[in-house]
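Examination of the molecular architecture
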Amino acid sequence: MTLAHTNPQGDGGDLLHRLWIYTNYDCNLSCSYCVAESFVGAERNGLTLPQVCRLIDEAVTLEMTELFLTGGEPFILHDIFSMLHYGLERMHVTVLSNGILLKGQRLQQLKALPYRERLTVQISLDGSHASVHDFYRGAGSWQKAIDAIGRLKAEGFHVRLGTTQTPPRIARISLPCAVCITRLGSPMTTTSSVLSSAAASRRRAWQFHCPRSNRR
Ligand code: SF4
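Keep in mind that what you see is a predicted model, and the values were worked out from it rather than measured. (Residues numbered from 1 in each chain as written. Predicted model: local features only at pLDDT ≥ 70, side-chain atom pairs only at ≥ 80, totals over all residues.)

Some thoughts on the overall build of the protein chain
Per the secondary structure count, the protein chain includes eight helices and six strands. Going residue by residue from the N terminus, the α and β elements of the protein chain occur as β-α-β-α-β-α-β-α-α-β-α-α-β-α. Every one of the 216 residues in the protein chain was classed for burial, and the buried ones make up 33%. Sequence-distant contacts in the protein chain: of pairs separated by 6 or more residues, those separated by 24 or more amount to 76%. (Helix = DSSP H or I, 4+ residues; strand = E, 2+ residues; numbered from the N terminus. Buried ≥ 20, exposed ≤ 12 C-beta atoms within 10 Å, placed from the backbone. Contact = placed C-beta atoms within 7 Å.)

If you want it as structure tokens, here you go:
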């Protein structure tokens, strides 16, 4: 089987090879700008292992070569390692995570997966300083992400950083992850998405008025 990597031209030409699966919508963080509107205690709305396997099978039939698993926080799920295992036997796999749960038993289970060379763990990190990251994601979450990246790198995993570029007011300290990369050593790839000022304002306004929300 031929396995493709991300298109180095970055022109979107490889998008048809990618299967994206939202495994679940509950999370261990309650980031105020969450596009999936996930938060601690959110309804799971998860896919079962057989459903995920069927989707992967269909993707392989369609000659897709890259699988992305995201949520919510995928590592909340007991079956996430079976999903990863099934995917890695057939495709390149990227799993998106805030990293906090990737320690202890879960890290051991991650280490036990086959075809690790096909696995990328994408950790959310919104800058080189805790203030921006923690403003949207909660106090202490930046340090926990940094710790997770260190643990994963120490075990030889390919780590990609996912950065949300926040509004211009603080973008200047949100953008550079170079300090983190320098501090943590060995090369990592990065990806970013942009959160507009309007979207950030709406979400923060919503968080202050939603009575059931436990968001900051
Ligand atoms: S960690 Fe990710 S999925 Fe969870 S609330 Fe934050 S942005 Fe949403």
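Picking up where we left off.
Some thoughts on the pairing of strand S1 (residues 18–22)
Direction of pairing for S1 relative to strand S2 (residues 66–70): parallel, over a ladder of five bridges. Within the sheet, the bridge partner assigned to Leu19 lies in S2 and is Leu67. Tracing the backbone out of S1, into helix H1 (residues 49–61) and back to the parallel element S2 gives a crossover that is right-handed. (Pairing = 2+ DSSP bridges. Right-handed = clockwise from strand over helix to strand, strands pointing away.)

Some details on the packing of H1 against helix H2 (residues 80–88)
A pair of packed helices is captured by two measures, namely the crossing angle of their axes and the spacing between those axes. Where H1 meets H2, the closest approach of the two axes is 10 Å, and the angle between their N-to-C directions is 15°. Relative to H2, the element H1 is oriented roughly parallel. With respect to the hand of their crossing, H1 and H2 are arranged in right-handed fashion. In this structure, H1 uses Leu49, Val52, Cys53 and Ile56 to contact H2, whose residues at the interface are Ser82, Met83, Tyr86 and Gly87. Of the residues assigned to the contact of H1 with H2, the class counts are six nonpolar, two polar and no charged. (Axes fitted to C-alpha atoms, helices over the stretch in contact; angles between N-to-C directions. Parallel < 35°, antiparallel > 145°, perpendicular 65-115°, else oblique. Left-handed = near helix turned anticlockwise from the far one by under 90°. Nonpolar A, V, L, I, M, F, W, Y, C, P; charged D, E, K, R; others polar.)

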